[in-house]
Amino acid sequence: EDQVTQSPEALRLQEGESSSLNCSYTVSGLRGLFWYRQDPGKGPEFLFTLYSAGEEKEKERLKATLTKKESFLHITAPKPEDSATYLCAVRLRGGGADGLTFGKGTHLIIQP
Amino acid sequence: EAGVAQSPRYKIIEKRQSVAFWCNPISGHATLYWYQQILGQGPKLLIQFQNNGVVDDSQLPKDRFSAERLKGVDSTLKIQPAKLEDSAVYLCASSLAFGRPTWQYFGPGTRLTVT
């Protein structure tokens, strides 16, 4: 059973066309939701951490929000360099075991 | 600061052969993780170390996979014998604190192809 589901799987936008990526989770006792960016042939790069419903974080053209059941990554006026796979992950385990459970990611393409 | 280092970057082996991957975390990071990322999927946690002790290896296929972090710094992940389904990118990550809210820094990964 998937605990982290991301949608859409792929998204193609024109430069400047704003949109949102979704991450829904079906776990209780969330101990942190993470957004990472992954470029081809590279490891994931940390973007944001959110811990409680209502929390928001911003970085350049990206804004992450969190509710009790899902998180959104809003991208405003994207540029071609924002093209990447965006991964959502949750921290589930307790007792110091804090490995992340990832979704499959959203492959984002920004066309000039 | 220097990032997480991994080697080799690429490896091709035949099924039933053995292979080992090496990871050097960011200096001062006590917690180290190994993840497996199959093409088109998100990373899946294999094992977590705190210093040189195992915190979580519940998803490690222990019949063929093993990992160690003898001196609490660098780590090695081994597969013996490899199967076709082990073809994936193996990512190493590290983080500064144990049990505290913090994020993980990932290395570039080792791409393994099993033929």
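On a predicted model such as this, the values are computed, not experimentally measured, just so you know.

Chemist: Help me understand the overall build of chain A in this model?
Modeler: Scanning chain A from terminus to terminus reveals zero helices and eleven strands. Moving toward the C terminus, one meets the helices and strands of chain A in the order β-β-β-β-β-β-β-β-β-β-β. For 112 residues, the compact-globule estimate of 2.2 N^0.38 gives 13 Å, and chain A sits close to it at 14 Å. In terms of principal-axis extent, the alpha carbons of chain A reach across some 45 × 30 × 25 Å.

Chemist: Looking at this model, I keep getting lost on the sheet that holds strand 7 (residues 62-66) of chain A. Mind explaining?
Modeler: Hydrogen bonds between backbone atoms are what pair the strands of a sheet, whose relative direction is either parallel or antiparallel. All names here are of chain A. Taking strand neighbours across the sheet as the criterion, the five strands line up as 1-3-8-7-6 in an open arrangement whose pairing is antiparallel. Bordering the open sheet on either side are strand 1 (4-7) and strand 6 (56-59), each of which pairs with just one other strand. Direction aside, neighbouring strands of the sheet carry axes that sit 15° apart on average. Sheet topology places strand 3 (residues 19-25) next to strand 8 (residues 70-75); six bridges connect them, and they run antiparallel. Within the sheet, the bridge partner assigned to S19 lies in strand 8 and is I75.

Chemist: Sorry if this is basic, but what is going on with the layout of surface pockets here?
Modeler: Take a probe with the size of a water molecule and roll it over the atoms, and the empty space left behind shows itself. All names here are of chain B. What the largest pocket holds in volume is close to 1,100 Å³. The wall of the largest pocket is formed by 47 residues, among which Q37, I38, G40, Q41 and G42 lie closest to the centre. If one sorts the elements of the lining of the largest pocket by residue count, strand 11 (residues 110-114) sits on top with four residues. Along the lines of polarity and charge, the residues of the lining of the largest pocket split into 16 nonpolar, 21 polar and ten charged.

Chemist: What am I meant to see in the interface of chain A and chain B here?
Modeler: A common way to report how large an interface is uses the accessible area buried once the components associate. Counting from both sides, the interface comprises 21 residues of chain A and, opposite them, 24 residues of chain B. Taking both partners together, chain A and chain B bury about 1,700 Å²; carbon and sulfur atoms supply 50% of that area. The interface formed by chain A and chain B includes zero salt bridges. Remark: the boundary between chain A and chain B carries seven residue pairs in polar contact (both at pLDDT 80 or more). For the side of chain A that touches chain B, the secondary-structure elements that each account for two or more residues are strand 4 (33-38), strand 5 (45-50), strand 9 (84-91) and strand 10 (100-102) of chain A. Considering every element that reaches the side of chain A that touches chain B, the biggest residue donor is strand 4 of chain A, with three residues. A per-class count over the side of chain A that touches chain B returns nine nonpolar, seven polar and five charged.

Chemist: Just checking my understanding: could you explain the pattern of salt bridges for this structure?
Modeler: For side chains bearing opposite charge, pairing can occur when the charged atoms are close. Residues and elements named next belong to chain B. Under the defined criterion, the tally for this structure stands at six salt bridges over all chains. The salt bridge partner of D57 is K62, with a shortest N-O separation of 3.7 Å. Judged by relative accessible area, which is 26%, D57 ranks as partly exposed.

Chemist: How do you make sense of the nonpolar core when you look at a structure like this?
Modeler: One broad trend across soluble globular proteins is that nonpolar side chains are buried collectively. Residues A:L33, A:W35, A:F48, A:L62, A:L73, A:Y86 and A:L108 are the most contacted members of the largest nonpolar core, which totals 23 residues. When residues of this core are assigned to their parent elements, the largest contribution, four residues, is made by strand 9 of chain A. Membership of the second largest hydrophobic core comes to 21 residues, among which are B:V4, B:V19, B:W34 and B:L60.

Chemist: Would you mind showing me how to read the sheet that holds strand 1 (residues 5-7) of chain B here?
Modeler: Residue and element names in this part refer to chain B. Spatially, 1-3-8-7 is the arrangement adopted by the four strands of the open sheet, whose pairing is antiparallel. For this open sheet the edge positions go to strand 1 and strand 7 (65-68), each flanked by a neighbour on one side alone. Across the sheet, the axes of successive neighbouring strands diverge by a mean angle of 15°, strand direction being ignored. Looking at chain direction, strand 3 (residues 19-24) and strand 8 (residues 75-79) are connected through five bridges and run antiparallel. Bridged to A20 within strand 8 is K78.

Chemist: Help me out: how do you make sense of the state of the cysteines in this one?
Modeler: Structurally, a disulfide amounts to a covalent bond that connects the sulfur atoms of two cysteines. Counting across every chain of the model gives two disulfides over all chains. Each disulfide pairs two cysteine sulfurs, and for A:C23 the partner residue is A:C88, the sulfurs being separated by 1.9 Å. The S-S bond linking A:C23 to A:C88 shows a torsion near -60°; that makes this disulfide left-handed. Of the two residues, A:C23 is situated in strand 3 and A:C88 in strand 9; the sequence distance between them amounts to 65 residues. Here B:C23 is linked by a disulfide to B:C92, with a sulfur-sulfur distance of 1.9 Å. Disulfide B:C23 to B:C92: torsion about the S-S bond roughly -65°, handedness left-handed.

About the thresholds
- Residues numbered from 1 in each chain as written.
- Chains lettered and ligands numbered in written order.
- Predicted model: local features only at pLDDT ≥ 70, side-chain atom pairs only at ≥ 80, totals over all residues.
- Heavy atoms only, no water.
- Helix = DSSP H or I, 4+ residues; strand = E, 2+ residues; numbered from the N terminus.
- Rg over C-alpha atoms; globule rule 2.2 N^0.38 Å.
- Pairing = 2+ DSSP bridges.
- Axes fitted to C-alpha atoms, helices over the stretch in contact; angles between N-to-C directions.
- 1 Å grid on protein atoms, 1.4 Å probe; cavity = no way out; pocket = protein on both sides within 12 Å on 5 of 7 lines; lining within 4 Å.
- Points joined across faces, edges and corners; volume = space filled by probe spheres on them.
- Nonpolar A, V, L, I, M, F, W, Y, C, P; charged D, E, K, R; others polar.
- Contact = heavy atoms within 4.5 Å.
- Buried area = accessible area lost by both parts, 1.4 Å probe.
- Salt bridge = Lys/Arg side-chain N within 4 Å of Asp/Glu carboxyl O.
- Polar contact = N/O pair within 3.5 Å; in protein donor to acceptor, adjacent residues only side chain to side chain.
- Buried < 20%, exposed > 50% of the residue type's maximum accessible area, 1.4 Å probe, protein only.
- Core = buried A, V, L, I, M, F, W, Y, C linked by side-chain atoms within 4.5 Å.
- Disulfide = S-S within 2.5 Å.

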